Amino acid sequence: MESDFGWSNIQQDWKNRLQKMWETSSFQQLHTFLQTAYDEERVYPREEDVFRAFQMTPYQDVKVVILGQDPYHGPHQAQGLSFSVSDQVRIPPSLRNIFRELHDDLGCTIPKAGDLTEWAKQGVLLLNTVLTVEEGRANSHRHKGWELFTDGVMKELNAREKPIVFLLWGKPAEAKRTLLDESRHVCLCAPHPSPLSARRGFFGSRPFSKANAQLRKWGYGEVNWSLEEQGL
């Protein structure tokens, strides 16, 4: 039986805007590739979690977009939200660096677990430029069609009347900047939080306080970035 990779469970306002992409030949080619990949290889996240970001955060509720590269490629890590892992999973190095910057930026207690679902519930779209990956092979699903899809997502977000703060982390994410109208939206770019690049400018970038300052300026409610205060 063919999988829709959780597409049927995405928020209706996303479905209304993205359905035309689902029906394109390029997306159908990606869908065929994914069917084969999941049948023949170990691929992350789980099939039903591929579109989880669009299940958790409705289009109209998006305040902030955190855009990364591609999912974690280790067992049990990726869960369909960029940088997030379930509570039972050891916090990966990139997420440890995000939590370090969160502490340095806002003084938040460094969380003991890595589930970012509470951010998603507050209007933070946790997205990658590529939404699947083969086990142990970072970037293995690059140039398979995901970039066209996430380009389309960014264009839909750009078209929204209510402005958005985009946190673009790493070169693949920053490449999407050209799709955004910065006279309306705000883009805050930084190197990827990976240990390979975090010291090149991710540390000290203060994305969380800057995002909240912009949200206040627009009259939005701030994001409560502190996961420990939410009982996690």
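In this report, the structure presented in the accompanying data block is examined. (Residues numbered from 1 in each chain as written. Predicted model: local features only at pLDDT ≥ 70, side-chain atom pairs only at ≥ 80, totals over all residues. Heavy atoms only, no water.)

Taken as a whole, the largest pocket spans an internal volume of roughly 720 Å³. Along the wall of the largest pocket there are 37 residues; nearest its centre are Q69, D70, S94, H192 and S194. Elements represented by at least two residues in the lining of the largest pocket include exactly α4 (93-106), β3 (124-128) and α7 (171-174). Of the residues assigned to the lining of the largest pocket, the class counts are 19 nonpolar, 14 polar and 4 charged. (1 Å grid on protein atoms, 1.4 Å probe; cavity = no way out; pocket = protein on both sides within 12 Å on 5 of 7 lines; lining within 4 Å. Points joined across faces, edges and corners; volume = space filled by probe spheres on them. Helix = DSSP H or I, 4+ residues; strand = E, 2+ residues; numbered from the N terminus. Nonpolar A, V, L, I, M, F, W, Y, C, P; charged D, E, K, R; others polar.)

Below, the discussion takes up the side chain of S94. Looking at the element boundaries, S94 is found in helix α4. The contacts of S94, once residues within four sequence positions are left out, are F83, H192, P193, S194 and P195. (Contact = heavy atoms within 4.5 Å.)

On to the pattern of salt bridges, then. In the structure shown here, the tally under the stated rule is 11 salt bridges. In this structure, E48 engages R46 in a salt bridge whose closest nitrogen and oxygen atoms are separated by 3.3 Å. R46 gets classed as exposed once you look at its relative accessible area, which sits at 52%. Shared partners join several salt bridges into a network, and the residues in it are R46, E48 and D49. (Salt bridge = Lys/Arg side-chain N within 4 Å of Asp/Glu carboxyl O. Buried < 20%, exposed > 50% of the residue type's maximum accessible area, 1.4 Å probe, protein only.)

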